[in-house]
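# Observations on the three-dimensional arrangement
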Amino acid sequence: FEGLQVAPEIDFYPEVADREPGDSNIVRWGFDLHPQVTFWSAGLVVTLLVVTLVFREPMEAFFVGLRDGINAFFGWFYILAANLYVLAGLFFAFSRFGKIRLGGPQARPEFSTGAWYAMLLSAGMGIGLMFWSVAEPIFHLTSPAPLFGVEAGTEAAAQAALATTYYHWGIHPWGIYALVSLALAFFAFNRGLPLTFRSVFYPLLGKRIYGTWGNVIDVLTVLATLFGLATSLGFGVQQAAAGLNFLFGWPANTGFQVLLIAAITAMATLSVVAGLDAGVKRLSQLNIYLAAAFLVFIVAVGPTLFLLSVFIQSTGFYVQVLPELAFWTQAFGAGGGWHG
(Lines give C-alpha, C1' and ligand atoms only; values in the text may rest on other atoms or scores of the structure.)
Protein backbone atom coordinates (compact mmCIF):
# COMPACT_ATOMS: atom_id res chain seq x y z
CA PHE A 1 0.00 0.00 0.00
CA GLU A 2 2.99 2.32 0.33
CA GLY A 3 2.86 3.72 -3.21
CA LEU A 4 -0.91 4.15 -3.28
CA GLN A 5 -2.04 7.63 -4.26
CA VAL A 6 -4.97 8.47 -2.03
CA ALA A 7 -7.69 10.65 -3.55
CA PRO A 8 -8.45 13.84 -1.62
CA GLU A 9 -10.94 13.24 1.17
CA ILE A 10 -13.86 15.62 1.75
CA ASP A 11 -14.46 16.97 5.23
CA PHE A 12 -16.35 14.95 7.77
CA TYR A 13 -20.02 15.75 7.93
CA PRO A 14 -20.21 18.60 10.44
CA GLU A 15 -23.75 17.67 11.49
CA VAL A 16 -22.52 14.35 12.93
CA ALA A 17 -21.07 16.18 15.91
CA ASP A 18 -24.54 17.40 16.85
CA ARG A 19 -25.42 14.01 18.22
CA GLU A 20 -23.37 11.13 19.54
CA PRO A 21 -24.39 7.82 17.89
CA GLY A 22 -25.87 5.46 20.41
CA ASP A 23 -26.43 8.06 23.14
CA SER A 24 -29.92 6.64 23.78
CA ASN A 25 -28.87 3.00 23.73
CA ILE A 26 -29.56 0.58 26.57
CA VAL A 27 -26.15 -0.53 27.90
CA ARG A 28 -26.54 -3.23 30.54
CA TRP A 29 -25.36 -6.78 31.30
CA GLY A 30 -22.85 -6.68 28.48
CA PHE A 31 -25.40 -5.61 25.86
CA ASP A 32 -25.54 -2.36 23.87
CA LEU A 33 -29.03 -2.16 22.40
CA HIS A 34 -30.82 0.49 20.37
CA PRO A 35 -34.27 0.38 22.00
CA GLN A 36 -36.47 1.16 18.98
CA VAL A 37 -34.57 -1.07 16.55
CA THR A 38 -34.12 -3.96 18.99
CA PHE A 39 -37.65 -4.20 20.35
CA TRP A 40 -39.44 -3.49 17.08
CA SER A 41 -37.31 -6.09 15.28
CA ALA A 42 -37.81 -8.67 18.00
CA GLY A 43 -41.54 -7.96 18.19
CA LEU A 44 -42.04 -8.31 14.44
CA VAL A 45 -40.02 -11.54 14.30
CA VAL A 46 -41.89 -13.14 17.21
CA THR A 47 -45.26 -12.02 15.84
CA LEU A 48 -44.53 -13.42 12.39
CA LEU A 49 -43.30 -16.72 13.82
CA VAL A 50 -46.32 -17.14 16.11
CA VAL A 51 -48.81 -16.30 13.36
CA THR A 52 -47.06 -18.67 10.95
CA LEU A 53 -47.06 -21.54 13.45
CA VAL A 54 -50.70 -21.01 14.47
CA PHE A 55 -52.07 -20.52 10.95
CA ARG A 56 -49.78 -22.81 8.98
CA GLU A 57 -51.81 -23.53 5.86
CA PRO A 58 -53.09 -19.96 5.28
CA MET A 59 -49.60 -18.56 5.88
CA GLU A 60 -48.06 -21.10 3.52
CA ALA A 61 -50.51 -20.02 0.81
CA PHE A 62 -49.72 -16.37 1.62
CA PHE A 63 -45.94 -16.86 1.34
CA VAL A 64 -46.25 -18.84 -1.89
CA GLY A 65 -48.46 -16.15 -3.38
CA LEU A 66 -46.09 -13.43 -2.19
CA ARG A 67 -43.11 -15.19 -3.74
CA ASP A 68 -44.92 -15.75 -7.03
CA GLY A 69 -46.08 -12.14 -7.07
CA ILE A 70 -42.58 -10.81 -6.49
CA ASN A 71 -41.25 -13.07 -9.23
CA ALA A 72 -43.95 -12.01 -11.69
CA PHE A 73 -43.83 -8.25 -11.08
CA PHE A 74 -40.27 -7.60 -9.89
CA GLY A 75 -38.21 -10.48 -11.31
CA TRP A 76 -36.91 -8.24 -14.10
CA PHE A 77 -35.86 -5.63 -11.52
CA TYR A 78 -34.01 -8.23 -9.43
CA ILE A 79 -32.00 -9.39 -12.46
CA LEU A 80 -31.28 -5.79 -13.52
CA ALA A 81 -30.25 -4.75 -10.02
CA ALA A 82 -27.68 -7.54 -9.74
CA ASN A 83 -26.04 -6.38 -12.97
CA LEU A 84 -26.08 -2.76 -11.81
CA TYR A 85 -24.32 -3.82 -8.60
CA VAL A 86 -21.55 -5.44 -10.64
CA LEU A 87 -21.16 -2.35 -12.83
CA ALA A 88 -21.14 -0.08 -9.77
CA GLY A 89 -18.48 -2.23 -8.13
CA LEU A 90 -16.29 -2.08 -11.24
CA PHE A 91 -16.78 1.68 -11.41
CA PHE A 92 -15.70 2.22 -7.82
CA ALA A 93 -12.75 -0.13 -8.24
CA PHE A 94 -11.27 1.31 -11.42
CA SER A 95 -12.25 4.99 -11.22
CA ARG A 96 -10.54 7.64 -9.10
CA PHE A 97 -12.71 6.54 -6.17
CA GLY A 98 -10.80 3.26 -6.10
CA LYS A 99 -7.82 5.16 -4.67
CA ILE A 100 -9.66 6.18 -1.51
CA ARG A 101 -8.35 4.18 1.43
CA LEU A 102 -11.08 2.86 3.73
CA GLY A 103 -10.41 4.15 7.22
CA GLY A 104 -8.60 7.27 6.03
CA PRO A 105 -5.26 8.00 4.33
CA GLN A 106 -3.20 6.66 7.25
CA ALA A 107 -5.23 3.49 7.88
CA ARG A 108 -3.45 0.12 7.78
CA PRO A 109 -4.96 -3.39 7.58
CA GLU A 110 -5.81 -4.95 10.93
CA PHE A 111 -5.73 -8.51 9.58
CA SER A 112 -3.52 -10.41 7.19
CA THR A 113 -4.76 -10.95 3.64
CA GLY A 114 -5.25 -14.67 4.28
CA ALA A 115 -7.30 -14.09 7.43
CA TRP A 116 -9.35 -11.43 5.66
CA TYR A 117 -10.22 -13.71 2.75
CA ALA A 118 -11.07 -16.51 5.17
CA MET A 119 -13.59 -14.25 6.91
CA LEU A 120 -14.97 -13.02 3.58
CA LEU A 121 -15.59 -16.55 2.29
CA SER A 122 -16.92 -17.93 5.57
CA ALA A 123 -19.23 -14.99 6.24
CA GLY A 124 -20.21 -14.34 2.63
CA MET A 125 -20.95 -17.93 1.69
CA GLY A 126 -21.20 -19.67 5.06
CA ILE A 127 -23.10 -22.95 4.95
CA GLY A 128 -23.65 -22.50 1.23
CA LEU A 129 -19.95 -23.10 0.65
CA MET A 130 -20.41 -26.75 1.65
CA PHE A 131 -24.10 -27.34 0.88
CA TRP A 132 -25.01 -25.60 -2.37
CA SER A 133 -21.63 -26.24 -4.00
CA VAL A 134 -22.82 -29.84 -4.37
CA ALA A 135 -26.60 -29.56 -4.18
CA GLU A 136 -27.05 -26.79 -6.74
CA PRO A 137 -25.22 -28.44 -9.68
CA ILE A 138 -27.19 -31.64 -9.05
CA PHE A 139 -30.45 -29.66 -8.97
CA HIS A 140 -29.65 -27.92 -12.27
CA LEU A 141 -28.58 -31.22 -13.81
CA THR A 142 -32.05 -32.62 -13.20
CA SER A 143 -33.83 -29.32 -13.96
CA PRO A 144 -31.67 -27.26 -16.36
CA ALA A 145 -32.56 -23.67 -17.14
CA PRO A 146 -34.72 -23.40 -20.30
CA LEU A 147 -32.22 -20.84 -21.60
CA PHE A 148 -29.79 -23.62 -22.52
CA GLY A 149 -32.34 -25.78 -24.33
CA VAL A 150 -30.80 -29.06 -23.12
CA GLU A 151 -32.31 -32.30 -21.86
CA ALA A 152 -32.09 -33.09 -18.15
CA GLY A 153 -29.43 -35.60 -17.12
CA THR A 154 -27.29 -35.25 -20.24
CA GLU A 155 -23.68 -34.11 -20.59
CA ALA A 156 -24.92 -30.79 -21.97
CA ALA A 157 -27.12 -30.40 -18.90
CA ALA A 158 -24.11 -31.05 -16.66
CA GLN A 159 -22.15 -28.28 -18.35
CA ALA A 160 -25.12 -25.92 -18.14
CA ALA A 161 -25.61 -26.85 -14.46
CA LEU A 162 -22.06 -25.85 -13.56
CA ALA A 163 -22.32 -22.58 -15.51
CA THR A 164 -25.56 -21.74 -13.71
CA THR A 165 -23.94 -22.49 -10.36
CA TYR A 166 -20.94 -20.29 -11.20
CA TYR A 167 -23.41 -17.53 -12.10
CA HIS A 168 -25.15 -17.83 -8.73
CA TRP A 169 -21.89 -17.94 -6.73
CA GLY A 170 -19.53 -15.93 -8.95
CA ILE A 171 -19.24 -12.32 -10.00
CA HIS A 172 -22.84 -11.24 -9.38
CA PRO A 173 -23.34 -12.22 -5.72
CA TRP A 174 -19.91 -10.91 -4.83
CA GLY A 175 -20.75 -7.68 -6.63
CA ILE A 176 -23.72 -7.31 -4.28
CA TYR A 177 -21.59 -8.15 -1.22
CA ALA A 178 -18.87 -5.73 -2.31
CA LEU A 179 -21.15 -2.74 -2.84
CA VAL A 180 -22.99 -3.21 0.45
CA SER A 181 -19.81 -3.69 2.48
CA LEU A 182 -18.11 -0.78 0.69
CA ALA A 183 -20.99 1.55 1.54
CA LEU A 184 -21.03 0.49 5.21
CA ALA A 185 -17.26 0.76 5.55
CA PHE A 186 -16.97 4.14 3.84
CA PHE A 187 -19.64 5.93 5.85
CA ALA A 188 -18.53 4.32 9.13
CA PHE A 189 -14.74 4.52 8.89
CA ASN A 190 -14.27 7.49 6.55
CA ARG A 191 -17.21 9.64 7.61
CA GLY A 192 -17.55 8.78 11.30
CA LEU A 193 -21.16 7.59 11.13
CA PRO A 194 -22.56 4.58 13.06
CA LEU A 195 -21.80 1.17 11.57
CA THR A 196 -25.43 0.53 10.66
CA PHE A 197 -27.35 0.58 7.41
CA ARG A 198 -29.02 3.89 8.20
CA SER A 199 -25.65 5.62 7.68
CA VAL A 200 -25.59 4.64 3.99
CA PHE A 201 -28.63 6.91 3.50
CA TYR A 202 -27.02 9.98 5.07
CA PRO A 203 -26.54 11.78 1.72
CA LEU A 204 -30.30 11.46 1.16
CA LEU A 205 -31.71 11.87 4.67
CA GLY A 206 -29.09 13.87 6.55
CA LYS A 207 -29.57 13.95 10.33
CA ARG A 208 -32.93 12.23 9.91
CA ILE A 209 -31.03 8.92 9.93
CA TYR A 210 -31.02 9.29 13.74
CA GLY A 211 -34.81 9.42 13.84
CA THR A 212 -37.75 7.37 12.62
CA TRP A 213 -36.47 6.92 9.08
CA GLY A 214 -33.19 5.54 10.33
CA ASN A 215 -34.97 3.19 12.73
CA VAL A 216 -37.18 1.87 9.93
CA ILE A 217 -34.14 1.22 7.73
CA ASP A 218 -32.31 -0.65 10.50
CA VAL A 219 -35.39 -2.72 11.43
CA LEU A 220 -35.80 -3.79 7.80
CA THR A 221 -32.10 -4.63 7.70
CA VAL A 222 -32.37 -6.81 10.80
CA LEU A 223 -35.41 -8.66 9.41
CA ALA A 224 -33.81 -9.22 5.99
CA THR A 225 -30.55 -10.44 7.52
CA LEU A 226 -32.19 -12.68 10.11
CA PHE A 227 -34.57 -14.43 7.72
CA GLY A 228 -31.86 -14.69 5.07
CA LEU A 229 -29.56 -16.42 7.56
CA ALA A 230 -32.42 -18.62 8.77
CA THR A 231 -32.95 -19.93 5.22
CA SER A 232 -29.28 -20.73 4.74
CA LEU A 233 -28.99 -22.27 8.20
CA GLY A 234 -32.12 -24.36 7.65
CA PHE A 235 -30.75 -25.92 4.46
CA GLY A 236 -27.37 -26.51 6.07
CA VAL A 237 -28.84 -28.17 9.15
CA GLN A 238 -30.94 -30.49 6.97
CA GLN A 239 -27.75 -31.57 5.22
CA ALA A 240 -25.86 -32.02 8.49
CA ALA A 241 -28.69 -34.06 10.01
CA ALA A 242 -28.92 -36.26 6.91
CA GLY A 243 -25.14 -36.84 7.00
CA LEU A 244 -25.14 -37.75 10.70
CA ASN A 245 -28.09 -40.06 10.09
CA PHE A 246 -26.24 -41.79 7.25
CA LEU A 247 -22.97 -42.17 9.18
CA PHE A 248 -24.13 -42.86 12.73
CA GLY A 249 -27.85 -43.56 12.48
CA TRP A 250 -28.73 -40.43 14.46
CA PRO A 251 -32.30 -39.13 14.00
CA ALA A 252 -32.89 -36.61 11.21
CA ASN A 253 -36.26 -35.39 12.50
CA THR A 254 -37.26 -31.81 13.25
CA GLY A 255 -36.40 -32.03 16.95
CA PHE A 256 -32.81 -33.07 16.23
CA GLN A 257 -32.49 -30.35 13.62
CA VAL A 258 -33.60 -27.77 16.20
CA LEU A 259 -30.86 -29.03 18.53
CA LEU A 260 -28.32 -28.65 15.73
CA ILE A 261 -29.52 -25.11 15.08
CA ALA A 262 -29.16 -24.29 18.78
CA ALA A 263 -25.63 -25.71 18.87
CA ILE A 264 -24.55 -23.87 15.71
CA THR A 265 -26.11 -20.62 16.92
CA ALA A 266 -24.34 -20.97 20.29
CA MET A 267 -20.98 -21.47 18.55
CA ALA A 268 -21.59 -18.47 16.29
CA THR A 269 -22.61 -16.32 19.27
CA LEU A 270 -19.49 -17.30 21.21
CA SER A 271 -17.29 -16.46 18.21
CA VAL A 272 -18.88 -13.00 17.93
CA VAL A 273 -18.64 -12.34 21.68
CA ALA A 274 -14.97 -13.35 21.60
CA GLY A 275 -14.34 -10.64 19.02
CA LEU A 276 -13.09 -10.58 15.45
CA ASP A 277 -9.52 -11.58 16.22
CA ALA A 278 -10.12 -14.32 18.79
CA GLY A 279 -13.45 -15.62 17.53
CA VAL A 280 -14.61 -14.85 14.01
CA LYS A 281 -11.13 -14.91 12.46
CA ARG A 282 -10.10 -18.23 14.02
CA LEU A 283 -13.41 -19.90 13.26
CA SER A 284 -13.25 -18.64 9.67
CA GLN A 285 -9.68 -19.87 9.23
CA LEU A 286 -10.64 -23.28 10.61
CA ASN A 287 -13.56 -23.39 8.19
CA ILE A 288 -11.32 -22.58 5.21
CA TYR A 289 -8.68 -25.13 6.29
CA LEU A 290 -11.35 -27.84 6.49
CA ALA A 291 -12.83 -26.83 3.11
CA ALA A 292 -9.36 -26.80 1.52
CA ALA A 293 -8.54 -30.21 2.99
CA PHE A 294 -11.82 -31.56 1.67
CA LEU A 295 -11.08 -30.10 -1.76
CA VAL A 296 -7.60 -31.68 -1.85
CA PHE A 297 -9.06 -35.01 -0.77
CA ILE A 298 -11.70 -34.98 -3.51
CA VAL A 299 -9.18 -34.02 -6.20
CA ALA A 300 -6.68 -36.63 -5.01
CA VAL A 301 -9.22 -39.45 -4.78
CA GLY A 302 -10.45 -38.54 -8.24
CA PRO A 303 -11.23 -38.94 -10.96
CA THR A 304 -8.54 -36.23 -10.88
CA LEU A 305 -8.06 -35.61 -14.62
CA PHE A 306 -11.82 -35.51 -15.20
CA LEU A 307 -12.34 -33.00 -12.39
CA LEU A 308 -9.59 -30.70 -13.67
CA SER A 309 -10.90 -30.92 -17.24
CA VAL A 310 -14.47 -30.24 -16.19
CA PHE A 311 -13.41 -27.23 -14.11
CA ILE A 312 -11.52 -25.66 -17.02
CA GLN A 313 -14.25 -26.38 -19.57
CA SER A 314 -17.14 -25.23 -17.38
CA THR A 315 -15.30 -22.03 -16.49
CA GLY A 316 -14.88 -21.21 -20.17
CA PHE A 317 -18.53 -22.03 -20.84
CA TYR A 318 -19.57 -19.77 -17.94
CA VAL A 319 -17.58 -16.85 -19.41
CA GLN A 320 -19.09 -17.54 -22.84
CA VAL A 321 -22.74 -17.55 -21.74
CA LEU A 322 -22.46 -14.99 -18.91
CA PRO A 323 -23.72 -11.93 -20.87
CA GLU A 324 -26.90 -13.73 -21.94
CA LEU A 325 -27.36 -15.57 -18.64
CA ALA A 326 -26.89 -12.39 -16.57
CA PHE A 327 -29.78 -10.62 -18.32
CA TRP A 328 -32.07 -13.61 -18.86
CA THR A 329 -35.49 -13.01 -17.26
CA GLN A 330 -37.42 -15.89 -18.91
CA ALA A 331 -39.70 -13.34 -20.56
CA PHE A 332 -40.72 -15.88 -23.21
CA GLY A 333 -41.98 -19.40 -22.67
CA ALA A 334 -42.99 -20.70 -19.27
CA GLY A 335 -43.71 -17.30 -17.76
CA GLY A 336 -40.86 -17.28 -15.27
CA GLY A 337 -41.60 -20.66 -13.71
CA TRP A 338 -37.98 -21.78 -13.55
CA HIS A 339 -36.85 -18.42 -12.19
CA GLY A 340 -39.52 -18.60 -9.53
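Residues numbered from 1 in each chain as written. Predicted model: local features only at pLDDT ≥ 70, side-chain atom pairs only at ≥ 80, totals over all residues. Heavy atoms only, no water.

What follows covers the layout of surface pockets. Quantified by volume, the second largest pocket comes out at close to 1500 Å³. Forming the boundary of the second largest pocket are 35 residues, of which Ser133, Leu162, Tyr166, Leu295 and Phe311 lie nearest the centre. Counting only elements with at least two residues in the lining of the second largest pocket, the list comes to helix H4 (132-142), helix H5 (155-169), helix H10 (276-301) and helix H11 (304-326). (1 Å grid on protein atoms, 1.4 Å probe; cavity = no way out; pocket = protein on both sides within 12 Å on 5 of 7 lines; lining within 4 Å. Points joined across faces, edges and corners; volume = space filled by probe spheres on them. Helix = DSSP H or I, 4+ residues; strand = E, 2+ residues; numbered from the N terminus.)

Taken as a whole and judged by the stated rule, the model has two salt bridges. Two residues, Asp68 and Arg67, come together in a salt bridge whose shortest N-O distance is 3.2 Å. Its relative accessible area of 45% is what places Arg67 among the partly exposed residues. Of the charged contacts in the structure, one is a salt bridge between Arg198 and Asp218, with a shortest N-O distance of 2.6 Å. (Salt bridge = Lys/Arg side-chain N within 4 Å of Asp/Glu carboxyl O. Buried < 20%, exposed > 50% of the residue type's maximum accessible area, 1.4 Å probe, protein only.)

For Gln257, the location among the structural elements is in helix H9 (residues 254-273). Judged by its relative accessible area of 19%, Gln257 falls in the buried class. Every residue in contact with Gln257, bar those within four places of it in the chain, is listed here: Val237, Gln238, Ala241 and Ala252. (Contact = heavy atoms within 4.5 Å.)

With that out of the way, let us pick up the packing of aromatic side chains. All told, the structure shown has 13 aromatic pairs when counted by the stated rule. Through a chain of ring-to-ring contacts, the aromatic side chains of Phe91, Phe92 and Phe97 assemble into a single cluster. (Phe/Tyr/Trp six-rings, centres within 6.5 Å; stacked < 30°, edge-to-face > 60°.)

Okay, H11 next. If you check H11, its first and last C-alpha atoms are 31 Å apart, about what 23 residues at 1.5 Å a residue would give, namely 33 Å. The largest bend in H11 amounts to roughly 45° and is located at Gln320, with the proline Pro323 lying one to four residues further along. Looking at H11, one finds that the buried residues are Ser314, Phe317, Tyr318, Val321, Leu322, Leu325 and Ala326. Residues of H11 that are buried in the fold lie against helix H2 (56-94), H5 and helix H6 (171-190). (Expected span 1.5 Å × (residues − 1). Bend = angle between axes of the 7 residues up to and from the residue.)

Take the packing of helix H1 (residues 35-54) against H2 next. Running from amino to carboxyl end, H1 crosses H2 at an angle of 115°, the nearest separation of the two axes being 5 Å. Comparing the axis directions of H1 and H2 gives the class roughly perpendicular. Residues Leu48, Val51, Thr52, Leu53 and Val54 of H1 lie in contact with H2, whose contacting residues are Arg56, Met59 and Phe63. Grouping the constituent residues of the contact of H1 with H2 by class yields six nonpolar, one polar and one charged. (Axes fitted to C-alpha atoms, helices over the stretch in contact; angles between N-to-C directions. Parallel < 35°, antiparallel > 145°, perpendicular 65-115°, else oblique. Nonpolar A, V, L, I, M, F, W, Y, C, P; charged D, E, K, R; others polar.)

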